[in-house]
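Fold and geometry: a report
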Amino acid sequence: MKLLAVVDASIKKEGLQDLTMKRTVASVPFAGRYRLIDFALSNLVNSGVSTVGVFPSYPLASLLDHIGVGKSWDLDRRKNGLYFLPVTQRDGGISSVGSFAGLEEHLQFFTKSIQPHVIVTNSFVVTQLNYKDMLEKHIISGADFTEVVSKGVQLKTYILSKELLVELIQTYAENQIVSVEDVVNLKKSPYTFNEYEYEGYFAVIDSVQSYFEASMDLLNEDKRAQLFLGNRPIFTKVKDEPPTRYVSGSHVERALIANGSTIVGSVVNSLISRGVYVKKGARVENCIIMQKSTVEENCDLSYVIADKDVYIGEGVVLHGTPDRPIVLRKGANVSKEDLR
Amino acid sequence: MNNKVVAMLLAGGQGSRLKSLTYTIAKPALPFGGKYRIIDFPLSNCTNSGIETVGVLTQYQPHVLHSYIGLGTPWDLDRRNGGVTMLPPYAEIDGNKWYSGTASAVYQNITFLQSCDPEYVLILSGDHIYKMDYEVLVDYHKEQGADVTISVLEVPWEEASRFGIINVNEQMTVMEFDEKPENPKSNLASMGVYVFTWKKLKEYLEADNINEESSHDFGNDILPTMMENGEKMIAYPFKGYWKDVGTVDSFWEANMDLLDLNSGLNLHDSGWRIYSSNPQLPPQVINKTGNVQSSMVNEGCVISGEVTKSIIFQKVVIKEETVVSESVIMSGVTIHKGAKLHRVIVPPEFEVPEGFEVVDQGDKVILLTDEEVEKWKERGER
């Protein structure tokens, strides 16, 4: 494969602050058992790319724990494979994709590799992109840059030659440009630009609201079918969870549920991650409940996003709205008394 | 563990009473409990008991088992020293030697055992569902100063004649073996789990190998000979869930036991996890028309029908207007619209046709086959 990959996992999204207190945007849990970065990594692997540099920024412990040596994506190779390349983000970080300052810190990743083309992508867009097809179209176009667009939205994924990328990294300061995204948006001369039209499902996750909407999209059969393809699976770090138990008297309707959970109460229009316990008499509607969280007896929740390890005490009533879902941060402990 | 223990897991059995379920896979590879295979239980017991060297003896249809176990990663048995070693029969200078009995299987891997240099050898069977701390068993063996310890389970008296019964004295010394006795004198059944002091075992395996009268079986030959010779043979009383899933009925029962919180078989116990290989599949989906009660469901399923008291494996699609109860639906199965299944085991990748119902089922547990589907079609034509 002639493609080298950069996954820019350093970008912070202010709108996602509640979910990224202790993790990168790349490691935000999504769709019951995944992390956002799984989609970029799986697309790369499914497109035959086997040299992948992940460029994260702090706090990166959760991302490192998730990716490890890349085994889940078959990127634990003797030759090539996964490179974990943290960036220090001097000047507080750049919020556009493919920051040259960040890439410069690991210039060797580019100079030592043999692939002639580079794909620069991000970890906050959920897609089923075929980079192989994109590379072919890029080469045919003869342009310097190819950018992915879908229905007028930029998906912030680019292909360019490695030679050009290295040149840009070495000269960005004098040229007054900060990132690959920046060059493409400014349509800098003398470069030529091409667009690659993507037609499948996509979601740009840059706020709690877009996160909530994209999650709810997955309850739609058509959208789900566009994202989870049998021949291009989304890979993730597997946990060994037992089957999910549906106890007698439980009520589940339109829900995406991961393994290892126990459902006694009612779950409607919701996403439930691994190892969640929804107890007797609890009502969970239009919610996202993440890994190892507990919803105690007789709770009544709607439009709530409960991050990992959240404990919602008995009888707690929390109602958000579709536009403003309530976020319970990782490890939060909510009781009826707190809400009075 | 202090003194080195090596486990030899006998996984070569066919399990012919499981009918078409084991035509193409060995019994230990049989899928169980929604996402496991039977062999996950003894392998996970080894990991949880701190046993780090496990030999898996295979013979009948070994391919699935070999590729499933691989390097042993899911059970943390991918070790630099020890770990899991697959031991199929092999050819040697004197010709090909199949494993003719459980003892001959272990005897033929005597070089493997010698290279491990164990103090104790644990003999396990790959076709039982149970959770057991082998460390406690080995400690008991050591405390008793036994040459061999046989793990036994109290079974209901009325069922005792179905098992290999062990008669013991008050000190738990084994006095007599009684294979499926008509009038049992005890209700202690052998679980097929033994600990041997390696030196003794080696001695007896070597003698058994040259004995032309022998059937080379632990239960029939090695243990009776050891008893005749007055070796110290002790029974270890195991308490807990144990089931030999040797027949279609007992296989179904064991699956149903998973749904009964009082059965003693709890997969959700984080203190004694049963590990398994995990495929990359999206979470399960329960649709608007789906209704799941008292059941277990796994990754990749899409449920739009009514499911009660059932074990649903991975990647199962259950369409609208279906009714599934007290059934075991294995991975990759599609149950088409309007089908009704009660007490049915559906083998992997099976397509249950639209409107299907078992013909003349009565109270029986049915293992679904193409013939069953034919029978149903014929009745429809009549």
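Residues numbered from 1 in each chain as written. Chains lettered and ligands numbered in written order. Predicted model: local features only at pLDDT ≥ 70, side-chain atom pairs only at ≥ 80, totals over all residues. Heavy atoms only, no water.

Attention shifts here to the overall build of chain A. Secondary structure assignment for chain A yields 10 helices and 25 strands. For 340 residues, the compact-globule estimate of 2.2 N^0.38 gives 20 Å, and the C-alpha radius of gyration of chain A, at 21 Å, lies within 12% of that figure. Along the first, second and third principal axes, the C-alpha atoms of chain A reach 65 × 40 × 40 Å. The buried share of chain A, reckoned over its 340 residues, is 60%. Once local pairs closer than 6 in sequence are excluded, the contacts in chain A between residues at least 24 apart make up 56%. (Helix = DSSP H or I, 4+ residues; strand = E, 2+ residues; numbered from the N terminus. Rg over C-alpha atoms; globule rule 2.2 N^0.38 Å. Buried < 20%, exposed > 50% of the residue type's maximum accessible area, 1.4 Å probe, protein only. Contact = heavy atoms within 4.5 Å.)

Let us now look at the pairing of strand β5 (residues 83-87) of chain B. All names here are of chain B. Buried residues dominate β5, accounting for 4 of its 5 residues. Note: strand β4 (residues 53-57) against β5, 5 bridges, orientation parallel. Counterpart to G55 in the pairing with β5 is T85. Regarding the hand of the β-α-β motif, the stretch spanning β4, helix α2 (residues 63-69) and β5 is right-handed. (Pairing = 2+ DSSP bridges. Right-handed = clockwise from strand over helix to strand, strands pointing away.)

All names here are of chain A. Taken domain by domain, chain A consists of domain 1 (3-227) and domain 2 (245-338). Taken over both partners, the interface formed by domain 1 and domain 2 buries close to 1900 Å², and the fraction arising from carbon and sulfur atoms is 64%. The largest contributions to the domain 1 side of the interface with domain 2 come from D18, F212 and L219, which together make up 31% of the buried area. Inspection of the region where domain 1 meets domain 2 yields 2 salt bridges. Across the salt bridge formed by D18 and R329, the nearest N and O atoms sit 2.7 Å from each other. (Domains from an automatic or database assignment. Buried area = accessible area lost by both parts, 1.4 Å probe. Salt bridge = Lys/Arg side-chain N within 4 Å of Asp/Glu carboxyl O.)

What follows covers the interface of chain A and chain B. Taken together, the 35 residues of chain A in the interface contact 30 residues of chain B. Approximately 2800 Å² of surface area, both sides summed, lies buried where chain A meets chain B, with 47% of it carried by carbon and sulfur atoms. Looking only at chain A, the three residues that lose the most surface to chain B are D240(A), P243(A) and Y246(A), adding up to 25% of its buried area. Linking chain A to chain B there are 4 salt bridges. Between R273(B) and E241(A) there is a salt bridge, with the nearest N and O atoms lying 3.9 Å from each other. The interface formed by chain A and chain B includes 24 residue pairs in polar contact (both at pLDDT 80 or more). Looking at the side of chain A that touches chain B, the element that brings in the most residues is strand β13 (residues 251-257) of chain A, giving 6 residues. Its residues assigned to classes, the side of chain A that touches chain B shows 15 nonpolar, 11 polar and 9 charged. The pairing of strand β12 (residues 244-246) of chain A with strand β18 (residues 295-297) of chain B spans 3 bridges and is antiparallel. From the neighbouring strand, R245(A) faces β18(B), where its bridge partner is M296(B). (Polar contact = N/O pair within 3.5 Å; in protein donor to acceptor, adjacent residues only side chain to side chain. Nonpolar A, V, L, I, M, F, W, Y, C, P; charged D, E, K, R; others polar.)

The subject of this paragraph is the UniProt feature "domain: Nucleotidyl transferase" (unreviewed entry) in chain B. Per the UniProt record, "domain: Nucleotidyl transferase" (unreviewed entry) is found at residues 7-259 of chain B. Helix and strand shares over residues 7-259 of chain B are 29% and 27% respectively, and the end C-alpha atoms of the span are 30 Å apart. (UniProt positions renumbered as here; feature names shortened; annotations may be inferred.)

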